[in-house]
Amino acid sequence: DNVVIDGFTIEGASNSPSNPPFSALGAGVWSNPSFSGSNGGHQILNNIIQNNIKGIYLNNTGTLQTVIQRNALRNNNLPGPAGGVSVYSDLGLQNALIDQNSFTGDPTAGIFTAGSLGTQSNITISNNQTLSERLVILLNTTASLITGNTITATPQSSGITIAGGDDGI
């Protein structure tokens, strides 16, 4: 609970979690509180997270708020599961603040809440900046806020995609 990762360069998670040697779990930062029986509440602050399959595999129970703030997330587009995304969640993300980050070079999206395996709710996506890609894709996400972001999307993509099963955005 309440782990803080502050001021690092995190790069090179290029091995798919389904391939030997079964290391890195496909993301520069991997969080899954339900896996370890904790409540989450982690803070990922002031980092450069780059050149991974996924930048941050972000899941949180909601008991404690998780904060992703003031990070440079770029080129997290190596081949692998859910590659091309800087912040990805599918096991449940609740009570999260994603604020003041910059996203560059992630062809799918800066932030993608898939919501297929867990609850996605009470997420604030604020004051971020993205260049050349979609800022966010929300799927099966509820009671969340997108505000104050700067989006420079390519003509082929939308800046924000509300993909279905969403409510109270």
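Residues numbered from 1 in each chain as written. Predicted model: local features only at pLDDT ≥ 70, side-chain atom pairs only at ≥ 80, totals over all residues. Heavy atoms only, no water.

Quick look at the overall build of the protein chain
Helix and strand counts for the protein chain stand at one helix and 19 strands. Its C-alpha atoms give the protein chain a radius of gyration of 14 Å, within 12% of the compact-globule value 15 Å for 169 residues. When its C-alpha atoms are laid out on the principal axes, the protein chain stretches across 40 × 35 × 30 Å. Accessible surface, the protein chain as shown: approximately 7,200 Å² in total, 51% of it carbon and sulfur. (Helix = DSSP H or I, 4+ residues; strand = E, 2+ residues; numbered from the N terminus. Rg over C-alpha atoms; globule rule 2.2 N^0.38 Å. Areas by Shrake-Rupley, 256 points an atom, 1.4 Å probe, with all protein chains shown as cover.)

Here we look at the environment of Leu 45
Within the secondary structure, Leu 45 is located in strand E4 (residues 43-45). Taking C-alpha positions, Leu 45 is 6.7 Å from Gly 7, a pair spaced 38 residues apart along the chain. With residues near it in sequence (within four places) discarded, Leu 45 still touches Val 4, Ile 5, Asp 6, Gly 7, Val 67, Gln 69 and Asn 71. (Contact = heavy atoms within 4.5 Å.)

Considerations on the sheet that holds strand E2 (residues 9-11)
An order of E2-E5-E8-E11-E14-E18 is seen for the six strands of this open sheet, with the pairing classed as parallel. Both outer strands of the open sheet, E2 and strand E18 (150-152), are each paired with one neighbouring strand and no more. Strand-to-strand twist across the sheet, computed as the mean angle between neighbouring axes with direction ignored, equals 10 degrees. Here strand E11 (residues 102-104) pairs with strand E14 (residues 129-131) via three bridges, running parallel. When the sheet's bridge partners are listed, Phe 103 is paired in E14 with Thr 130. (Pairing = 2+ DSSP bridges. Axes fitted to C-alpha atoms, helices over the stretch in contact; angles between N-to-C directions.)

Points about the packing of aromatic side chains
Inspection of the entire model under this criterion finds three aromatic pairs. With a centroid separation of 6.2 Å and 35 degrees between ring planes, the pair formed by Trp 30 and Tyr 57 is classed as tilted. Pair noted here: Trp 30 is in strand E3 (residues 27-30) and Tyr 57 is in strand E6 (residues 54-57), with a separation of 27 residues, a long-range link. Trp 30 gets classed as partly exposed once you look at its relative accessible area, which sits at 30%. Judged by centre distance (6.0 Å) and plane angle (15 degrees), the rings of Tyr 57 and Tyr 88 are stacked. In this pair, Tyr 57 sits in strand E6 while Tyr 88 sits in strand E9 (residues 85-89), placing the two residues 31 residues apart along the sequence. Under the relative-accessibility criterion, Tyr 57 is labelled buried at 9%. What makes Tyr 88 buried here is its relative accessible area of 12%. Through a chain of ring-to-ring contacts, the aromatic side chains of Trp 30, Tyr 57, Tyr 88 and Phe 112 assemble into a single cluster. If you follow Lys 54 out to its NZ or CZ, it ends over the ring of Tyr 57, 5.5 Å from the centre. (Phe/Tyr/Trp six-rings, centres within 6.5 Å; stacked < 30°, edge-to-face > 60°. Buried < 20%, exposed > 50% of the residue type's maximum accessible area, 1.4 Å probe, protein only. Lys NZ or Arg CZ within 6 Å of the ring centre and 35° of its normal.)

Observations regarding the confidence of the model for the protein chain
Averaged over the protein chain, the pLDDT score is 89; the fraction of residues at 70 or greater is 93%. Across the protein chain, element-level confidence peaks in strand E5 (residues 48-50) with a mean pLDDT of 98 and bottoms out in helix H1 (residues 33-36) with 70. (pLDDT = per-residue confidence, 0-100.)

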